[in-house]
Amino acid sequence: MLSFDTNGEFSQNYKFLIGSILPRPIAVVSTLNNDGTNNVAPFSFFTAVSAKPMIVAFSPLIRSSTGEMKDTAKNILNNKEFVINIVSQEIAEKVNLTSTELDYGQDEFEFAGLTPLDSELIGPKRIKESLIHFECKYRDHLSYGDQPGCGQIITGEVIKVHVDESIYENGRINTQKLNPVGRGAGNDWFKCDSTFTMERLMKAQIQK
Ligand SMILES: Cc1cc2nc3c(=O)[nH]c(=O)nc-3n(C[C@H](O)[C@H](O)[C@H](O)COP(=O)(O)O)c2cc1C
């Protein structure tokens, strides 16, 4: 086996992370800029943390091109609210466009051809074309440094969930109908149109 130290270039570590931890779910995070315009960007360093309270976490890295915090992180630390929109394959290309580095204040909804939809409880807009929306209130911020490639964890409490009727059956989200996509290494994405099911040994261990 090849072995590597992790104290060299951040880009080498980054490639180990994105090549090993995959497929990664994608959070498309919408926030409000200081002037009230919309900001949207995808983040695949994203996970569920707690069911009740309902907490999710994602990780915007310090931008390698400028050494600055990404607009999403700035906005959340400023106004403490964000929406997580889930990506179905049908909108993957538009979501990819939202990752373009636009100047602060330029609306990525408009740029990507996505439709803003009012949230019920917070200011940032939801993406109409996305089939699941989480309205989130900021909870925690952990920073691992301020150099390019340094990460941070932002967690939010989901205070409202919106699920499109077409994918909701018997109290569950139907994975095939949601047709989610995941992120791989480099520019690779995963389709999730093939799944398999395995019973666990003890039924009592399964979360209801
Ligand atoms: C599918 C996908 C997943 C991404 N995941 C992350 C991530 O987890 N962390 C990160 O810092 N950037 C990630 N990016 C890059 C950001 O989306 C990109 O830097 C974006 O310009 C940030 O926008 P903002 O400055 O408006 O926050 C990802 C890009 C794509 C296309």
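Look up: the structure comes first, before these words.
Values in this document were obtained by computation on a predicted structure and should not be read as measured data. (Residues numbered from 1 in each chain as written. Predicted model: local features only at pLDDT ≥ 70, side-chain atom pairs only at ≥ 80, totals over all residues. Heavy atoms only, no water.)

So, a nonpolar patch on the surface
A cluster of nonpolar side chains, L2, F4 and F16, forms an exposed patch at the surface whose accessible area comes to about 330 Å². Among the structural elements, F16 can be located in helix 1 (residues 10-20). Under the relative-accessibility criterion, F16 is labelled partly exposed at 33%. (Patch = residues over 30% accessible without salt bridge, like charges linked within 9 Å, V, L, I, M, F, W, Y side chains within 5 Å. Areas by Shrake-Rupley, 256 points an atom, 1.4 Å probe, with all protein chains shown as cover. Salt bridge = Lys/Arg side-chain N within 4 Å of Asp/Glu carboxyl O. Helix = DSSP H or I, 4+ residues; strand = E, 2+ residues; numbered from the N terminus. Buried < 20%, exposed > 50% of the residue type's maximum accessible area, 1.4 Å probe, protein only.)

Some details on helix 2 (residues 71-79)
D71, T72, A73, N75 and I76 are the residues of helix 2 that are buried. Packing partners of the buried residues in helix 2 comprise strand 1 (27-32), strand 2 (38-43), strand 4 (55-58), strand 5 (81-86), strand 8 (132-143) and strand 9 (152-163). Once helix 2 ends, the next one or two residues include K80, with phi positive near 65 degrees. (Contact = heavy atoms within 4.5 Å.)

Quick word on the site of the ligand
Neighbouring residues of the ligand: 20 residues in total, closest P42, S44, L61, R63 and T72. F45 places a polar main-chain atom, nitrogen or oxygen, 2.8 Å from an oxygen atom of the ligand. Side-chain polar atom of R63 to an oxygen atom of the ligand: 2.4 Å apart, as the coordinates give it. Here the ligand has 640 Å² of accessible area as a free molecule, and 92% of this is covered by the chains. Mapping the ligand onto the cavity grids shows that it belongs to the largest pocket. At the level of elements, strand 2 and helix 2 are the ones that each hand at least two residues to the shell around the ligand. Residue classes in the shell around the ligand are distributed as seven nonpolar, seven polar and six charged. (Near = heavy atom within 4 Å. Polar contact = N/O pair within 3.5 Å; in protein donor to acceptor, adjacent residues only side chain to side chain. 1 Å grid on protein atoms, 1.4 Å probe; cavity = no way out; pocket = protein on both sides within 12 Å on 5 of 7 lines; lining within 4 Å. Sits in = over half its atoms within 2 Å of the grid points. Nonpolar A, V, L, I, M, F, W, Y, C, P; charged D, E, K, R; others polar.)

Things to note about the packing of aromatic side chains
All chains considered together, the criterion is met by four aromatic pairs. Each ring, one from F58 and one from F82, has its centre 5.7 Å from the other, and the planes form 65 degrees; the classification is edge-to-face. You can see F58 sitting in strand 4 and its partner F82 sitting in strand 5, a full 24 residues away along the chain. With respect to burial, F58 and F82 carry one shared label: buried. An aromatic cluster of three or more residues is present, and its members are F43, F58 and F82. (Phe/Tyr/Trp six-rings, centres within 6.5 Å; stacked < 30°, edge-to-face > 60°.)

Let's talk about the pairing of strand 2
Buried residues dominate strand 2, accounting for five of its six residues. Summarising the sheet, strand 1 and strand 2 pair through six bridges and their orientation is antiparallel. What sits directly across from L32, in strand 2, is N38. From the end of strand 1 to the start of strand 2, which pair antiparallel, there are five residues, and G36 there has a positive phi angle of about 90 degrees. (Pairing = 2+ DSSP bridges.)

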